[in-house]
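Residue strings, one per chain:
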Amino acid sequence: MSDFKLMIDGKAAGTAGTFSVLNPADESVVAMCPEGTPELVDAAIASARRALPGWSATPDVERAAKLMEIAALIEKHHQELATLVTREQGKTQSGLGANAEVGGAAAWTRVTAGLSLSERVIQDGPGGSIVVRHKPVGVVGSITPWNWPLMIATWHIVPALRVGCTVVIKPSPFTPLSTLRLVELMNAVLPPGVVNSVAGGPALGAHLAGHEGIDKIVFTGSVATGKKIMQSAAATMKRLTLELGGNDAGIVLPDTRIEPLIEKLFWGCFINGGQTCAALKRLYVHEDQYDEVVRKFADFVATIPVGDGMDPKNLIGPVSNQMQLDKIVDYVEDARTRGARIVTGGARPPGPGYFYPLTVIADATDEMRVVAEEQFGPVIPLIKYRTVEEAIRRANAVDVGLGGSIWGDDPRAAANYARQLECGTAWVNQHGALHPLAPFGGIKCSGIGVENNIEGLHEYTTIQVLSVAG
Ligand code: NAD
């Protein structure tokens, strides 16, 4: 695979440098990616600024129609994009993997195209009229992570375009290829400059995030980078949407029949090998049921095939890059030395690729790093609790709050407990289920703002009050 392009002003930009994108399943080079420079970022922003007046003045129905065309293009290129995602990111073709990601990207695009913003009349009478309007915020800088590269790119670009903004996107250097291809496809139907792409690492992201030509940054990634972006946005008072990390807890209520829930628990924890912001990352289980749940869950996990994502028999692929693999090894070794029990997994297989087995850790405690921090890998610690109130308190005792879940036989009782979780989405008997009309975002250090539906569109607008004297 070759010939990936940075799109600036509707054309492929000439670049001097390239960097290699590796396949995490075997460490081979998937493609050489054209490398952006600060000058190319400047050119991309200038192009987006030139395109802004025309695109924001384009009739709403025409913008919606263009996004519908983009959804159809994603579907037409489904197989190509799904293969790229597997090869650069590692997730499987089967299960909740690359095909689900591309299908989700098309579905999210179509649903977002179908949304529209309306003006709100606060007053209309002899005393005058007051109307609340939403205007596009301007040029949006988008910075994305490596875990769901194509899906997150559409989550950033499509709502921005829907309301009349123009965009410069910088994907993660680990997984830039599917995004570059997506932007190239988008440029086949959009006017020049409406969506531009640059590729490179943190320094290029920092150049974009601090640029005076950018009105808003939408960023999905780690809490640490989110804090830096917030600082660099201050000088020009950029608007921000920050979708950051989490450390989602799940609580299994006492006396829960575990068998019917095991498969959902599995996907909640291990979707994309645990490399999902809103994956279940620590599971609290009542002491009376603890041994039974550990055994049954670990037995189920051990049956799931892990391997190269291109092989349809596999349901989970490798860890996406060496950096993340090193972190996971550290977390498991820290837990082991502090007395945790590795029930299944816990040792790297020989051979090439960044593989790590699905790992269930028992006798974990809140002090272990694998519980206290976001481990972001194919590992789940199970932690014992005595009372539900205590479990909820411990679930909430972190500085992040993306998602959380309660598991039990009585969904209504579980929902009452779920309301007490400090997080942006509280699930019952599932974890990580998303819907294109359900606002998604975190509280505390998990971020600022939400994506999806009208609330998500509002994030790409500023409010103007039009007040006319009577
Ligand atoms: P990361 O923060 O390391 O990198 C994300 C992006 O930011 C990359 O494109 C990177 O090049 C860029 N970047 C790095 N430093 C920068 C800087 N100083 N200024 C501007 N840009 C910079 O995150 P990652 O390792 O790619 O992704 C994993 C993290 O993303 C996890 O914490 C995960 O929870 C989080 N995440 C959150 C969500 C969500 O919706 N809340 C979704 C997916 C991933």
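Quick note: structure is the one above.
Cut-offs applied
- Residues numbered from 1 in each chain as written.
- Predicted model: local features only at pLDDT ≥ 70, side-chain atom pairs only at ≥ 80, totals over all residues.
- Heavy atoms only, no water.
- Near = heavy atom within 4 Å.
- Polar contact = N/O pair within 3.5 Å; in protein donor to acceptor, adjacent residues only side chain to side chain.
- Areas by Shrake-Rupley, 256 points an atom, 1.4 Å probe, with all protein chains shown as cover.
- 1 Å grid on protein atoms, 1.4 Å probe; cavity = no way out; pocket = protein on both sides within 12 Å on 5 of 7 lines; lining within 4 Å.
- Sits in = over half its atoms within 2 Å of the grid points.
- Helix = DSSP H or I, 4+ residues; strand = E, 2+ residues; numbered from the N terminus.
- Nonpolar A, V, L, I, M, F, W, Y, C, P; charged D, E, K, R; others polar.
- Domains from an automatic or database assignment.
- Expected span 1.5 Å × (residues − 1).
- Buried < 20%, exposed > 50% of the residue type's maximum accessible area, 1.4 Å probe, protein only.
- Arc of directions from axis to C-beta.
- Contact = heavy atoms within 4.5 Å.
- Pairing = 2+ DSSP bridges.
- Right-handed = clockwise from strand over helix to strand, strands pointing away.

Draft legend 1. Layout of the site of the ligand. Within the structure, the ligand sits among 29 residues, and Thr144, Ser222, Thr225, Leu244 and Glu374 are positioned closest to it. At 2.9 Å, a side-chain N or O of tryptophan 146 approaches an oxygen atom of the ligand. Within the backbone of alanine 206, an N or O atom sits 3.4 Å from a nitrogen atom of the ligand. About the coverage of the ligand: the protein hides 90% of its 850 Å² of free accessible area. One can see that the ligand is located within the largest pocket. Secondary structure elements with two or more residues in the shell around the ligand: helix H7 (202–209), strand E10 (216–220) and helix H8 (223–234). In the shell around the ligand, the residues fall into 15 nonpolar, 10 polar and 4 charged. Counting contributing residues, the shell around the ligand receives three or more from each of domain 1 (6–244 + 446–469) and domain 2 (248–435).

Draft legend 2. Just helix H10 (residues 290–301), in detail. Here H10 spans 16 Å end to end across 12 residues, near enough to the 16 Å set by a 1.5 Å rise per residue. For H10, the full list of buried residues reads Tyr290, Val293, Val294, Phe297, Ala298 and Val301. Along the axis of H10, the buried residues cluster in a sector spanning 115°; they form a single face. Considering only its buried residues, H10 is in contact with helix H9 (262–270), strand E13 (280–286), strand E14 (341–344), strand E15 (359–364) and strand E16 (379–385).

Draft legend 3. A look at helix H6 (residues 177–187). Counted residue by residue, H6 has 11 buried out of 11 residues, so it is predominantly covered. Within H6 the residues assigned to the buried category are Leu177, Ser178, Thr179, Leu180, Arg181, Leu182, Val183, Glu184, Leu185, Met186 and Asn187.

Draft legend 4. Just the pairing of strand E12 (residues 248–252), in detail. Of all the 5 residues making up E12, 5 are buried; the element is thus mostly covered by neighbouring parts of the structure. On E12, burial covers both faces: Asp248, Gly250 and Val252 on one face and Ala249 and Ile251 on the other are all buried. Direction of pairing for E12 relative to E13: parallel, over a ladder of 5 bridges. Bridge pairing in E13 links aspartate 248 to leucine 280. Between the parallel pair E12 and E13, the chain is carried across by H9, and the sense of this crossover is right-handed.

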